[in-house]
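Tertiary structure, described
Chain by chain, the residues run as shown.
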Amino acid sequence: MTTVSRARFAGSYYDSSSCRYPDIPTLNSDLDIDVAIVGGGITGLSTALQLADRGISSAVFESETFAFGASGRSGGQLLVGFNESTADLSRLVGSQAADQLWQLSIDALALTRDYIGRYQIDCDLQRGALTLATHHPKQRQALIQNQRALEEKGIATQLLEGAALRDAIDSPQYSLGLMESTSGHLHPKNYCLGLARAALSRGVQLFDHSPIDHVQTGDSMRLTRGPHRIRAQRVVLAGNAYIGNLVPELARPILPVTSHIIATEPLTTPLIACQAACSDLAFLLHYFRMSNDGRLLLGGRPGVWGRNEAMSTHILHQRMCQLFPQLAQTAIDYSWGGKVAVTQPQMPDIRRLSPNLWAAQGYSGHGMALAGLAGQVIAGAVDGDNQAIALFERVRHQQFPTHPAIRSGLAQWGMLWYRIRELTGL
Ligand SMILES: Cc1cc2nc3c(=O)[nH]c(=O)nc-3n(C[C@H](O)[C@H](O)[C@H](O)COP(=O)(O)OP(=O)(O)OC[C@H]3O[C@@H](n4cnc5c(N)ncnc54)[C@H](O)[C@@H]3O)c2cc1C
């Protein structure tokens, strides 16, 4: 029994290693603006930056502080593609649209790198992603299929096995790895705050601690934040898993699911020598990587059923010790969680809701790159260029019930069903 499965420090690793928070006011008067954006994560900020490139002025309203939501809590894995498989995506939208969507996911990575270079965002960007299979033949086969799918999309890959795999990652659990260097990882909070600073430098108005509590649609849109009125020509909703019931139509295609991350103390021996963003093919997948200061950051969903903070930390710690037995006595310094918006199918929900209202959400665990892209897609649509948004609007999303108890039950029973299928091979 280990004695180190509780976090030593409060808050997240990102909070303790983030850059200075920019000077941002709270909205305390009425405002007239061309485009009002609700949500201060990567989606909202990327939309504002893209609008600025098109000469359109905007203001971003954030309930808490910028990067408070998933963008400041994420595993930071910057991944190519979507959570939906390429074959299922083709079945969903046709092979031509599927190819175009895939190309957009590659463009999303280039856009992220462009933001980081152009606005000099210091966020520990690193190239490389390694997907891992255990010794189970089904997992090995799935990984080889993944490789074929990626190569068909023009992504160069390399299979690692035996000593080559051990040189890349020091874990006895895995027997095969698929490496590609289009993807990578970064410090998500510093990236998001870098976008906030960039937006300020481009003349975007940012307001924190300014929750929007009502959106009234019409020729001229009206939003309220407490006693203050905001009049906007157009509105973009970028609150994603944190938006609650602000616009009920947005709640139906997504299920907010909690994901949790632990960060160890800095390690003294190399664990992931290849420095890639790693993930595996387990049903409740693990994602992990090294931080810039040598910690292992390991995330996942602690179980099918919801867990409290202490239990989540304990379960993830146990899993970490299975994957890396050499860390059994390593302290956990930080532990935190956040909400991921998942859709069915696992594709983003990016669309126009009414003539002056757009929304982007539900990246299903691929939002680090796709949220930036969504900003570009929405800004294009706001400016009359509907080519890219039309591709996303082809995806038909399942509508979930809005009752909170039914929603949480659905997320859990859905996962349980997939778990049973995995265990029984159904
Ligand atoms: C623990 C965790 C790990 C993850 N790991 C990865 C990963 O490794 N790779 C990956 O690609 N993706 C990952 N994701 C998902 C990824 O972080 C998200 O898809 C992405 O950050 C979404 O960005 P966003 O701007 O759309 O939403 P958010 O970053 O959640 O921003 C939405 C913001 O809107 C604000 N808001 C909501 N309602 C209102 C309102 N009424 N008024 C004003 N503001 C409002 C919220 O406060 C919030 O700050 C992870 C998510 C979590 C939680």
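Residues numbered from 1 in each chain as written. Predicted model: local features only at pLDDT ≥ 70, side-chain atom pairs only at ≥ 80, totals over all residues.

1. Structural notes on the site of the ligand
For the record, the criterion: The C-beta atom of each residue is placed using the backbone, and any residue whose C-beta lies within 6 Å of a molecule or strand is treated as near it. Labels follow the DSSP assignment, with helices taken as runs of H or I lasting at least four residues and strands as runs of E lasting at least two, numbered in each case from the N terminus. Each residue gets one of three labels, nonpolar for Ala, Val, Leu, Ile, Met, Phe, Trp, Tyr, Cys and Pro, charged for Asp, Glu, Lys and Arg, and polar for the others, Gly among them.
Neighbouring the ligand are 44 residues, the closest being Gly41, Gly69, Gly75, Gly338 and Gly367. Those elements that place two or more of their residues in the shell around the ligand are helix 2 (42–53), strand 11 (255–264), strand 15 (332–342) and helix 10 (367–382). Of the residues contributing to the shell around the ligand, the split by class is 19 nonpolar, 21 polar and four charged.

2. As for the confidence of the model for the protein
Interpretation of the predicted coordinates at a detailed level should be avoided for regions scoring low in pLDDT. Let me state the cut-off plainly: How sure the predictor is of each residue is captured by pLDDT, a score from 0 to 100. A pair of residues counts as a contact when their C-beta atoms, built from backbone coordinates, are within 7 Å of each other.
Of the residues in the protein, 93% reach a pLDDT of 70 or more, and the chain-wide mean stands at 93. The element-level mean pLDDT for the protein is lowest in helix 12 (residues 404–424), coming to 57, with helix 2 highest at 99. Predicted confidence for residues 419–426 stays below pLDDT 50, and this span has five contacts to residues more than four positions away or in other chains.

3. Concerning the packing of helix 4 (residues 95–118) against helix 10
Our working definition: In this description, a line fitted to the C-alpha atoms serves as the axis of each element, helices being fitted only across the stretch in contact, and the angle between N-to-C directions of two axes falls anywhere from 0 to 180 degrees. An angle below 35 degrees is treated as roughly parallel, one above 145 as roughly antiparallel, one from 65 to 115 as roughly perpendicular, and anything else as oblique.
Two elements in contact, helix 4 and helix 10, have axes separated by 8 Å at closest approach and are oriented at 90°. The angle between helix 4 and helix 10 places the two elements in the roughly perpendicular class. Residues Leu104, Ser105, Asp107, Ala108, Leu109, Leu111, Thr112 and Tyr115 of helix 4 pack against Ala369, Leu370, Gly372, Leu373 and Gln376 of helix 10. Class assignment for the residues of the contact of helix 4 with helix 10 results in eight nonpolar, four polar and one charged.

4. A look at the nonpolar core
Operational definition: The term nonpolar core refers to a group of buried residues, namely Ala, Val, Leu, Ile, Met, Phe, Trp, Tyr and Cys, whose C-beta atoms join them within 7 Å. Three classes are used. A residue is buried when 20 or more other C-beta atoms lie within 10 Å of its own, exposed when 12 or fewer do, and partly exposed in between, with C-beta atoms placed from the backbone.
Membership of the largest hydrophobic core comes to 120 residues, with the highest contact counts inside it found for Ala36, Leu195, Ala199 and Ile378. In contact with Ala36, not counting residues within four places along its chain, are Ala59, Phe61, Met221, Leu223, Ile230, Ala232 and Val235.

5. Some words on helix 3 (residues 86–93)
What sets the pattern is the α-helix's 3.6 residues per turn: residues three or four places apart point alike. Spelled out, the test is: By construction, the arc corresponds to the directions joining the helix axis to the C-beta atoms.
Among the residues making up helix 3, those that are buried are Thr86, Leu89 and Val93. The buried residues of helix 3 occupy an angular sector of 55° when the element is viewed end-on, so they sit on one face. Within helix 3, the exposed residues directed more than 90 degrees away from the buried face are Ala87 and Arg91. Buried residues in helix 3 make contact with helix 4 and helix 5 (137–152). Gly94 lies just past helix 3 and shows a positive phi near 90°.

6. Quick look at the environment of Met368
Here Met368 lies in helix 10. Judged by the 28 C-beta atoms lying within 10 Å of it, Met368 falls in the buried class. In this structure the C-alpha to C-alpha distance between Met368 and Phe400, which are 32 residues apart in sequence, comes to 24 Å. Those residues in contact with Met368 that lie beyond four places of it in its chain are Ser74, Gly76, Gln77, Leu78, Leu79 and Pro188.

7. Quick look at helix 4
To keep things clear, this is the line we draw: Helices are assigned an expected span. That span is 1.5 Å times one less than the residue count.
Helix length check: helix 4 (24 residues) gives 34 Å between terminal C-alpha atoms against 34 Å at 1.5 Å per residue, within 8%. Within the sequence span of helix 4, burial applies to Ala98, Leu101, Trp102, Ala108, Leu109, Thr112 and Tyr115. Looking at the buried positions of helix 4, the neighbouring elements they touch are strand 3 (77–78), helix 3, strand 6 (176–185), helix 7 (188–201), helix 10 and helix 11 (387–393). Positive phi shows up at Gln120, right after helix 4, with a value of about 45°.

8. Structural notes on the environment of Arg166
Note on placement: Arg166 falls in helix 6 (residues 162–168). Using a count of 15 C-beta atoms within 10 Å as the deciding quantity, one classes Arg166 as partly exposed. Taking the C-alpha atoms as reference points, Arg166 and Met368, separated by 202 residues in sequence, lie 28 Å from one another.

9. Let's talk about the pairing of strand 13 (residues 287–290)
Rules: Any two strands with at least two DSSP-identified bridges between them are counted as paired.
In strand 13, alternate side chains face the same way, and those of Tyr287 and Arg289 on one face and Phe288 and Met290 on the other are all buried. Alignment of strand 12 (residues 277–280) against strand 13, held across two bridges, turns out to be antiparallel. Residue Cys278 lies in a different strand from strand 13, and its bridge partner there is Phe288. Hairpin connection between strand 12 and strand 13: a loop of six residues separates the two successive antiparallel strands. Where strand 13 meets strand 14 (residues 296–300), four bridges bridge the pair, whose relative direction is antiparallel.

10. Looking at the packing of helix 2 against helix 7
To describe two helices that pack against each other, one gives the angle between their axes and the distance between the axes. To be explicit about the condition: Helix crossings fall into two classes, left-handed where the near helix is turned counterclockwise from the far one by less than a right angle and right-handed where it is turned clockwise.
Close contact between helix 2 and helix 7 brings their axes to 9 Å; oriented N to C, the two are set at 30°. Judged by the inter-axis angle, helix 2 sits roughly parallel to helix 7. Viewed along their axes, helix 2 and helix 7 form a crossing whose handedness is left-handed. Contacts from Ile42, Leu45, Ser46, Ala48 and Leu49 in helix 2 reach Cys192, Leu195, Ala196, Ala198 and Ala199 in helix 7. Classifying every residue of the contact of helix 2 with helix 7 by side-chain character gives nine nonpolar, one polar and no charged.

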